[in-house]
Amino acid sequence: MGSLPTIFWQLSLDTLTNLEFNDTNDNHVGIDINSLVSNVSATVTYYSNRERINRSLLLISGSPIHVWIEYDGSKNVLNVTIAPITSPKPDVALLSTHINLSSILLDSMHVGFSASTALLTENHYVLGWSFNKSGKAQGLEISKLPSLPHQRKHGLGITELSRTGKATTSTDVFSFGAFLLEVACARRPIQPQQSPDEVVLVDWVFEKWKEGAIFETSDPRLGGDYLEEEMQLVLKLGLLCSNSDAATRPSMRQVMQYLDGDVRLQEIIRDTASLGNEASSEFVMPFPSSVLMSSAISISSAESILTCGR
């Protein structure tokens, strides 16, 4: 007997643009039915009842927001309304679409929340929610909701981006490093289907570099048909640009100097890492981001520097 097909519908709040799923931008709300490609979507704004205008709302700002999802089965209309938690419910919905959910909503279904991230490091919290399948959901008492937990700060430049929503030269370098590794290894930055030690691309390449087997991470379709010096350059430069410490990443000018062969990698590292007399190896790299974030103990800057190279 075959398994039953998976049937779902979801409201997605996206802070990344994923071209694979035809995302419109990195700040939108979409309604997805049996697919991660949204049937309808809209850039996040909220209607100010007092000013009678739409105001922008940044999902990635870290500020609590209030979301109302209402479906009228007699009219086959789904309304999604969103606002800052301190604002009253807007008179105008963000999304209002005609859709028949009778074939999607079954007699027995799961209702809940899920979250995922890619390159960004984000925290997702549901402070309170209510649900009613046959009428209006009970209102939330905002004053009784818990406050957001204290946010721990990471040195990862792309996290900076996730908190401010603004790109910097440091986040550009980080993204370029991820791009270098993605091209050289023919892998995406995050691959959940891989074994645990290969899920995060930068961590996997980093571990292979420590083992002296960095070429094992290169695109297998190349069959080893490449100049080892060039492959090593791309992989190590990708790691350096993906450094967990934003201060030790090279500038894009330095990156281009190295790619053009004007400056050696060792010279770039000595200029940017500020390691003093300890910078005597070929390649210097702090622990990758996931190691720093998953560690329960505090690692000093001296302890987080690796000075072994191949």
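Preceding this section is the structure that the text describes.
Below is a summary of the structure that appears in this document. (Residues numbered from 1 in each chain as written. Predicted model: local features only at pLDDT ≥ 70, side-chain atom pairs only at ≥ 80, totals over all residues. Heavy atoms only, no water.)

To continue, consider the overall build of the protein chain. When helices and strands are counted, the protein chain shows seven helices and 10 strands. Looking at the protein chain as a whole, 36% of its 310 residues qualify as buried. Sequence-distant contacts, at least 24 apart, represent 48% of the contacts inside the protein chain between residues at least 6 apart. Of the roughly 18,800 Å² of accessible surface on the protein chain, a fraction of 51% belongs to carbon and sulfur atoms. (Helix = DSSP H or I, 4+ residues; strand = E, 2+ residues; numbered from the N terminus. Buried < 20%, exposed > 50% of the residue type's maximum accessible area, 1.4 Å probe, protein only. Contact = heavy atoms within 4.5 Å. Areas by Shrake-Rupley, 256 points an atom, 1.4 Å probe, with all protein chains shown as cover.)

Now for the packing of helix 4 (residues 228-241) against helix 5 (residues 252-259). Remark: helix 4 packs on helix 5, axes separated minimally by 11 Å, with the N-to-C direction vectors making an angle of 170 degrees. By the angle between their directions, the pair helix 4 and helix 5 is classed as roughly antiparallel. Together, Leu-233, Leu-237 and Cys-241 of helix 4 and Val-255, Tyr-258 and Leu-259 of helix 5 make up the contact between the two elements. Class assignment of the residues belonging to the contact of helix 4 with helix 5 gives a composition of six nonpolar, no polar and no charged. (Axes fitted to C-alpha atoms, helices over the stretch in contact; angles between N-to-C directions. Parallel < 35°, antiparallel > 145°, perpendicular 65-115°, else oblique. Nonpolar A, V, L, I, M, F, W, Y, C, P; charged D, E, K, R; others polar.)

A separate point is unusual backbone geometry. Glycine aside, the phi torsion of most residues is negative, and most peptide linkages are trans. One non-glycine residue with positive phi stands out, namely Arg-52, at about 60 degrees. Secondary-structure assignment places Arg-52 in the loop between strand 4 (45-48) and strand 5 (53-56). Taking relative accessible area as the criterion, Arg-52 reaches 52% and is therefore assigned exposed. Even without a glycine there, the phi angle at Asn-76 is positive, about 55 degrees. Considering the arrangement of structural elements, one finds Asn-76 in the loop between strand 6 (65-72) and strand 7 (77-84). Given a relative accessible area of 26%, Asn-76 falls into the partly exposed group.

Let us now look at the pattern of salt bridges. If you walk through the whole model with that rule in mind, you get nine salt bridges. Ionic pairing is found between Lys-89 and Glu-70, a salt bridge with its closest N-O pair at 2.7 Å. Residue Lys-89 is found in the loop between strand 7 and strand 8 (95-98), and its partner Glu-70 is found in strand 6; the two are separated by 19 residues along the sequence. What makes Glu-70 partly exposed here is its relative accessible area of 29%. In this structure, the salt-bridge partner of Glu-198 is Arg-187, at a minimum N-O distance of 2.9 Å. Residue Glu-198 is located in the loop between helix 2 (169-185) and helix 3 (201-210), and its partner Arg-187 is located in the loop between helix 2 and helix 3; the two are separated by 11 residues in the primary sequence. Counted as one network, the salt bridges with shared partners bring together Lys-208, Glu-211 and Glu-216. (Salt bridge = Lys/Arg side-chain N within 4 Å of Asp/Glu carboxyl O.)

Pairing in this open sheet of three strands is antiparallel, and the strands run 6-7-8 from one edge to the other. The open sheet has two edge strands, strand 6 and strand 8, and neither has a second partner. Here the average twist between neighbouring strands, direction ignored, is 10 degrees. (Pairing = 2+ DSSP bridges.)

Let's shift gears to helix 5. Considered for burial, the residues of helix 5 that qualify are Gln-254, Val-255 and Tyr-258. With its buried residues spanning 105 degrees around the axis, helix 5 presents them on a single face. Of the residues trailing helix 5, Gly-261 is marked for its positive phi of about 80 degrees. (Arc of directions from axis to C-beta.)

Attention shifts here to the packing of helix 3 against helix 4. As a packed pair, helix 3 and helix 4 sit with axes 10 Å apart at the nearest point and diverge in direction by 120 degrees. By the angle class used here, helix 3 and helix 4 are oblique. Handedness of the helix 3/helix 4 crossing: left-handed. Mapping the contact onto sequence places Val-202, Val-205, Phe-206 and Trp-209 in helix 3 and Leu-235, Lys-236 and Leu-239 in helix 4. In terms of residue class, the contact of helix 3 with helix 4 is built from six nonpolar, no polar and one charged. (Left-handed = near helix turned anticlockwise from the far one by under 90°.)

Here we take up the packing of aromatic side chains. In the structure shown here, the tally under the stated rule is three aromatic pairs. Between Phe-176 and Phe-179, the aromatic rings sit 6.2 Å apart at their centres with planes inclined by 35 degrees, giving tilted as the arrangement. Highlighted residues: Phe-176 and Phe-179, both in helix 2, separated by three residues, approximately one helical turn. In this structure, Arg-187 is placed above the aromatic ring of Trp-204, and the distance from its NZ or CZ to the ring centre is 4.0 Å. (Phe/Tyr/Trp six-rings, centres within 6.5 Å; stacked < 30°, edge-to-face > 60°. Lys NZ or Arg CZ within 6 Å of the ring centre and 35° of its normal.)

Moving on to the pairing of strand 4. Side-chain direction in a regular strand flips from residue to residue, so the side chains alternate between the two faces of the sheet. Of the strand pairs in this sheet, strand 4 and strand 5 are connected by four bridges, and their pairing is antiparallel. In the strand pairing of strand 5, Tyr-47 is matched with Asn-54. Here strand 4 folds back onto strand 5, and the loop between the two strands holds four residues, one of which, Arg-52, carries a positive phi near 60 degrees.

With that out of the way, let us pick up the side chain of Gln-254. Within the secondary structure, Gln-254 is located in helix 5. Look at Gln-254 and you get buried, because its relative accessible area is 16%.

Spatially, the three strands line up as an open sheet ordered 1-2-3, and their pairing is antiparallel. If you trace the sheet from one side to the other, it starts and ends with strand 1 (9-14) and strand 3 (40-43), each paired once. On average, each strand axis in the sheet is tilted by 15 degrees relative to the strand beside it, whichever way the strands run. As paired strands, strand 2 (residues 28-33) and strand 3 are joined by four bridges and run antiparallel to one another. Considered in strand 3, the bridge of His-28 is made with Thr-43.

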